[in-house]
Structure formats: structure tokens, C-alpha cells
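# Coordinate inspection notes
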Amino acid sequence: MVDSEQFKKATTLVIDNLEGGYYNPKWHNTKDFRYGSSGETMFGIDRINGGTINTSEAGKKFWGIIDANKTPAVWKWNYNGGALASQLKDLAGQMMQPTYETFAKSFMSPQLRETVEKDPRLLFHFIYAVWNGSGWFLKFSKDMEAAMAKGVHDSDGLVRVAMDSRTKEGYTKGSPPDSLVKQSGDKINGFINTIPSFFKTVTETTTKAVEKTAEVVKENI
């Protein structure tokens, strides 16, 4: 199971670098035809098409906060929530992590999952795959399983497989790349090698906080 603090920080990376803010088809007009079927969306989470992600306890809180605060005058296209942004990002992470755990259990072999969760770059690739949907998560898993079956086991090689899965073909083997998935894949390529140091900083901060709490408890005892 992925550490919740790591998942939360990965969620922030996804939202800040790959997914936009608020979109409401009733309020906003976009000329990008790729968003034609999108419902009300925040941080890449679609209220209509998001399924059980939205009906979870965190999902109800997430959309409840939005409903209580949104106005057409302030919540313009791509609005990040203003003072509510941090709280909404935390809830977004809580919404997405259970789905990641379900997808990983359903679509990954134990060997692949162990390999992925040891490398922050591969882990981020699959955490973002939750936003892409179950079909893409399965496709990315199959691509990586196939590469490992051919003898690709080093992390750098598997990262290349992950990026090729996003940028060089579509949903089915050999089909043209999906424009939105390729677009995000190109962006990930620009910062993927900084992810290990980012996760390391998060882990160190969390460890220090735990150690400090333990010291306080010990002193009180």
C-alpha cells in the first residue's frame, strides 16, 4: 500500500502540472472539442463520469465544498479554488487513493506492483493513470508486464516504457496516440527525473514529524 502522504504529494504534482482547475459546461465555453463530453470538473475529477470516486466520503465533502462556494463570477474556467485549494487537493488525494489500490490489485501482478512502488517515477506514472481511467491503467500495466517478460527490469528502462505508452500509441496496441494522454505524457517527460528527489523530501519531512511526535510522547510518559 502506498503511503498516504506520498499519495497526497503526488496528487499535488498531478493537479499543479497536469490537470486544470474548475470547469462547468453550463458556465464556460471552450473551443477544445476534446472536452465536449466532460461534465462539471475540478482538478481533472469529473463529477458526472467519475463514478464511485465522487460518492465516497471524501468525494461528498469535495463537491459539497465546491457547491457551497462556487459562483459564476469567481469560479471562472480553470479557477483553482482560491483559499480552498489546499483543502480540495487533500480531499482529491483521499478520493483517488482507494481507486489506485483497487486498480493496482486488479491489474498488476505482485511483481509489477512491487517494482512500480519502489521507484517514485513509475509510481507517479500509475498514480496519474487513475485520472486517465481503468482502461488506461490496464493498458499501461500490460505494456510494462510485456516489457518485463522480454527482460526489461531496470527502472530507467521501465520509465521509458511508461513514457512510450503515453506518447507513442493510443488506447489499443499500434493505434495513434490519444492527444490528451500524449500531451500530459510530454509534460511528465519534462519533470519525471525530479520526482525521486521530491518524494525523498516528502518522506524525510514525514519521518521527522513522526520522530518529533514520538519524542513528545516519550517525554510526557
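Before reading further, recall that the structure is shown in the block above.
Attention here is on the structure that accompanies the text. (Residues numbered from 1 in each chain as written. Predicted model: local features only at pLDDT ≥ 70, side-chain atom pairs only at ≥ 80, totals over all residues. Heavy atoms only, no water.)

### Considerations on the environment of G185
Residue position: G185 is located in helix α9 (residues 179–191). G185 sits in the buried class, given a relative accessible area of 0%. Sequence-wise, G185 and S165 are 20 residues apart; in three dimensions their C-alpha atoms are separated by 8.7 Å. Once residues lying within four places of it in the same chain are set aside, the contact partners of G185 are M163, R166 and T167. (Helix = DSSP H or I, 4+ residues; strand = E, 2+ residues; numbered from the N terminus. Buried < 20%, exposed > 50% of the residue type's maximum accessible area, 1.4 Å probe, protein only. Contact = heavy atoms within 4.5 Å.)

### What to know about the packing of aromatic side chains
Tallying each qualifying case throughout the model produces 15 aromatic pairs. Between F7 and Y100, the ring centres sit 6.1 Å apart and the planes meet at 55°, which makes this aromatic pair tilted. Here F7, found in helix α1 (residues 4–17), pairs with Y100, found in helix α4 (residues 85–107); they are 93 residues apart in sequence, far enough to count as distant. For the pair formed by F7 and Y100, the shared burial category is buried. Their ring planes at 90° and their centres at 5.1 Å tell us that F62 and W63 sit as a pair that is edge-to-face. Of the two residues examined, F62 and W63, each falls in the buried class. Every member of this aromatic cluster is reached through a ring pair, and the members are F7, Y100, F103, F107, F126 and F137. (Phe/Tyr/Trp six-rings, centres within 6.5 Å; stacked < 30°, edge-to-face > 60°.)

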